[in-house]
Amino acid sequence: MVVGAFVLAGIAALLVLTLKWSDFGTSSVSGYTLTAEFDNIGGLTDRSPIKMAGVTIGRVSHIQIDPNTFEAVVTMVISSQYDNLPKDSFASIYTAGLLGAQYIEISPGGDTKVLKNGDKITMTQSAVILEKVISKFLFNKAAAQ
Amino acid sequence: MNGHRNAFLDGLALLGQAAMAAAAHSGQMVLFTGHLLWRLLPAWTRPRLIIQELYAIGVLSLVIILISGGFVGLVLGLQGYNILSKFNATESLGVMVALSLVRELGPVVTALLFAGRAGSAVTAEIALMKTTEQLSAMEMMAVDPLRRVVAPRFWGAVFSMPLLAGLFSLVGIAGGYFIGVVVLGVDPASYWGQIQQQMQPMDDVLNGVIKSLVFGAVIGLIAVFEGFNAEPTSLGISRATTRTVVLSSLSVLGLDFILTAWMFGA
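Residues numbered from 1 in each chain as written. Chains lettered and ligands numbered in written order. Predicted model: local features only at pLDDT ≥ 70, side-chain atom pairs only at ≥ 80, totals over all residues.

Colleague: Residues and numbers for the overall build of chain A, please.
Modeller: Across its full length, chain A holds 2 helices and 8 strands. Traced from its N-terminal end to its C-terminal end, chain A shows the element sequence α-β-β-β-β-β-β-β-β-α. Over its C-alpha atoms chain A spans a radius of gyration of 20 Å, topping by over 25% the 15 Å that the globule rule assigns to 145 residues. Residue burial in chain A is summarised as follows: out of 145 residues, 24% are buried. Long-range contacts, defined as pairs at least 24 residues apart, comprise 63% of the intrachain contacts of chain A with a sequence gap of at least 6. (Helix = DSSP H or I, 4+ residues; strand = E, 2+ residues; numbered from the N terminus. Rg over C-alpha atoms; globule rule 2.2 N^0.38 Å. Buried ≥ 20, exposed ≤ 12 C-beta atoms within 10 Å, placed from the backbone. Contact = placed C-beta atoms within 7 Å.)

Colleague: Let's hear about the environment of Val-16 of chain A: which residues, and what values?
Modeller: Along the chain, Val-16 of chain A turns up in helix 1 (residues 2–18). Along the chain, Val-16 of chain A and Pro-49 of chain A lie 33 residues apart, while their C-alpha atoms are 24 Å from each other.

Colleague: Give me the confidence of the model for chain A: which residues, what numbers.
Modeller: Confidence in the prediction for chain A averages 83 pLDDT; 90% of positions are at 70 or higher. Looking over chain A, one finds the lowest element-wise mean pLDDT in helix 2 (residues 130–144) of chain A, namely 84, and the highest in strand 4 (residues 72–79) of chain A, namely 90. (pLDDT = per-residue confidence, 0-100.)

Colleague: Run through unusual backbone geometry, naming residues and quoting values.
Modeller: All names here are of chain A. The phi dihedral of Ala-53 is positive, around 55°, even though this residue is not glycine. With respect to the element layout, Ala-53 can be found in the loop between strand 2 (49–52) and strand 3 (55–65). Owing to 9 C-beta atoms within 10 Å, Ala-53 belongs among the exposed residues under this scheme. Positioned with a positive phi, Phe-70 is a non-glycine residue whose angle comes to about 60°. For Phe-70, the location among the structural elements is in the loop between strand 3 and strand 4. Its 8 C-beta neighbours within 10 Å are what place Phe-70 among the exposed residues.

Colleague: How would you summarise the environment of Leu-163 of chain B if you had to cite specific residues and measurements?
Modeller: Locating Leu-163 of chain B in the fold gives a position in helix 6 (residues 145–183). As a C-alpha pair, Leu-163 of chain B and Phe-215 of chain B span 52 residues in sequence and 12 Å in three-dimensional space. Setting aside chain neighbours within four positions, we find Leu-163 of chain B in contact with Phe-6, Val-7, Gly-10 and Ile-11 of chain A together with Gly-58 of chain B.

Colleague: Describe the sheet that holds strand 3 of chain A, naming the residues involved and giving the relevant values.
Modeller: All names here are of chain A. If you walk across this open sheet you meet the 8 strands as 7-1-4-3-2-6-5-8, and the pairing is mixed. Each edge of the open sheet carries a strand with a single partner, namely strand 7 (120–121) and strand 8 (123–125). Where strand 5 (residues 90–95) lies against strand 6 (residues 102–107), 6 bridges are found, and the strand directions are antiparallel. Residue pairing in the sheet places Ser-92 in a bridge with Glu-105 of strand 6. (Pairing = 2+ DSSP bridges.)

Colleague: Explain the interface of chain A and chain B to me, using residue names and the numbers behind them.
Modeller: With 27 residues of chain A in contact, the opposing surface of chain B contributes 28 residues. Here the side of chain A that touches chain B takes 12 residues from helix 1 of chain A, the largest share from any one element. Taken together, the residues of the side of chain A that touches chain B sort by class into 17 nonpolar, 7 polar and 3 charged. (Nonpolar A, V, L, I, M, F, W, Y, C, P; charged D, E, K, R; others polar.)

Colleague: Can you explain the packing of helix 1 of chain A against helix 6 of chain B? Please cite residues and give values.
Modeller: The interhelical angle for the contact between helix 1 of chain A and helix 6 of chain B, taken along N-to-C directions, is 55°, at an axis separation of 8 Å. Classified by the interaxial angle, the pair formed by helix 1 of chain A and helix 6 of chain B is oblique. For the pair helix 1 of chain A and helix 6 of chain B, the crossing hand works out as left-handed. Between helix 1 of chain A and helix 6 of chain B, the contacting residues are Phe-6, Val-7, Ala-9, Gly-10, Ile-11, Ala-13, Leu-14, Val-16 and Leu-17 of chain A on the first element and Leu-163, Leu-164, Gly-166, Leu-167, Ser-169 and Leu-170 of chain B on the second. The residue inventory of the contact of helix 1 of chain A with helix 6 of chain B, partitioned by class, reads 12 nonpolar, 3 polar and no charged. (Axes fitted to C-alpha atoms, helices over the stretch in contact; angles between N-to-C directions. Parallel < 35°, antiparallel > 145°, perpendicular 65-115°, else oblique. Left-handed = near helix turned anticlockwise from the far one by under 90°.)

Colleague: So, helix 1 of chain A: which residues are in play, and what are the values?
Modeller: End to end, helix 1 of chain A covers 24 Å across 17 residues, agreeing with the expected 24 Å (1.5 Å per residue, within 8%). Here helix 1 of chain A has its buried residues at Phe-6, Gly-10, Ala-13, Leu-14 and Leu-17 of chain A. The buried residues of helix 1 of chain A occupy an angular sector of 95° when the element is viewed end-on, so they sit on one face. Along helix 1 of chain A, exposed side chains directed more than 90 degrees from the buried face belong to Gly-4, Ala-5, Leu-8 and Leu-15 of chain A. Buried-residue contacts for helix 1 of chain A involve helix 2 (47–58), helix 3 (62–86), helix 4 (93–131), helix 6 and helix 8 (201–228) of chain B. (Expected span 1.5 Å × (residues − 1). Arc of directions from axis to C-beta.)

Colleague: Can you tell me about the packing of helix 3 of chain B against helix 6 of chain B, naming the residues and giving the values?
Modeller: Residues and elements named next belong to chain B. It is the contact of helix 3 with helix 6, at a shortest axis distance of 7 Å, that shows an interaxial angle of 40°. With respect to helix 6, the axis of helix 3 lies oblique. When the axes of helix 3 and helix 6 are compared, the crossing they make is right-handed. Note on element contacts: helix 6 touches helix 3 through Leu-164, Leu-167, Phe-168, Val-171, Gly-172, Ile-173, Ala-174, Gly-175, Gly-176, Phe-178, Ile-179 and Gly-180, opposite Ile-65, Leu-66, Gly-69, Gly-70, Val-72, Gly-73, Leu-74, Leu-76, Gly-77, Leu-78 and Tyr-81. Looking at the contact of helix 3 with helix 6 residue by residue, the class counts come to 15 nonpolar, 8 polar and no charged.

Colleague: Explain the confidence of the model for chain B to me, using residue names and the numbers behind them.
Modeller: Summing up the model confidence of chain B, the mean pLDDT is 90 and the portion of residues at 70 or higher is 98%. With pTM at 0.78, the complex prediction returns an ipTM value of 0.78.

Colleague: Describe in detail the nonpolar core, supporting the description with residues and values.
Modeller: If you look at the biggest cluster of nonpolar residues, it comprises 78 residues, and the most contacted ones within it are Ala-98, Val-150, Phe-154, Ile-219 and Val-224 of chain B. Counting residues per element, the ones that place at least two in this core are helix 1 of chain A together with helix 2, helix 3, helix 4, helix 6, helix 7 (188–198), helix 8 and helix 9 (234–263) of chain B. With residues up to four places along the chain from it excluded, the contact list for Ile-219 of chain B reads Ala-111, Phe-114, Ala-115, Gly-119, Ala-157 and Ser-248 of chain B. (Core = buried A, V, L, I, M, F, W, Y, C linked by C-beta atoms within 7 Å.)

Colleague: Can you lay out helix 3 of chain B for me, pointing to particular residues and giving the numbers?
Modeller: Residue and element names in this part refer to chain B. With 25 residues, helix 3 ought to run about 36 Å at 1.5 Å a step, and its terminal C-alpha atoms sit 36 Å apart, in line with that. Regarding helix 3, the residues found buried are Ile-65, Gly-69, Val-72, Gly-73, Leu-74, Leu-76, Gly-77, Gly-80, Tyr-81 and Leu-84. Against the buried residues of helix 3 lie helix 4 and helix 6. Just downstream of helix 3 lies Asn-88, where phi reads positive at about 60°.

In structure tokens:
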């Protein structure tokens, strides 16, 4: 009996380590959803945090490609206590620290109308890809000479 | 002058004796392994014996394994947070704790504790059986002690190790979660999310299981061999027990390097 329980517990532990609990973490976030389109999302993934002034206010719930514009459509869930984001808010993708994970920072605009469930943030800034920045810088240097 | 030369020659003779003893010991071990291999499968005709050993070797080691796993996880959480916060990358705490545990610390620390807790007990038990001539008595009754006593203990060690290592890693990840998320305020969804994104079930978990199986087999083999070949005196039992712990700890650490180089190197 005890041995059976031990074997079961051990196998269960190995399975838990192996399994991908797909919904873990997002299920705890409740609120309203917004979408935003980006040219390039860099290393943004599901469950990446949405921050405002550095405070986490939501999560990325899923990411897909718009079949017409070929842009990345990021769906995010914002905690319902932050229901007064201005309509002209700006979404940008940043990296936490030098090596950290990427997140979306929302900078509030000045509009009196607020974003509602299902709305789209139109003003976005894509992730900064370091190689692109460097190559742009190098080309500018070369063009100046 | 003459005395000096004798001391040198005595030392040389001692070194030679030690080398001969070591060679004889390893030769005996190889022979013993050969004898044991033939009895490993027949031992399955009496699964009850193996289940008994799973209890004595595995279940009774649970407490020490779980407590140590928890503390190792707590320490990893603290140290990892300390380092990662310098790079502003505390989101990666979960994956750092989980990978260190599943790849290395889980199998290795479990194996070291297992050698001390279960390996020494197996050696002492078999050595005492030999000292009190229980093994000879079995042979007199045409019961093969290798099959009746030794093989089930070996199987018990092989099967217990991966289960214990898995539990160790899981408790450790929970300990890291407690320190990182509950105490230090790392984002919980990042802790789990990064573990899920970065940890590969086939590469990381399976390699950890292979490691712990190998460690279990090595510790089991050393423990039963030292017990079976112990000098039948009280001093012999204590020496055999010590040798089990020392030899299996060293083999585990050495093998871990070889296995890591094979699995993750190059």
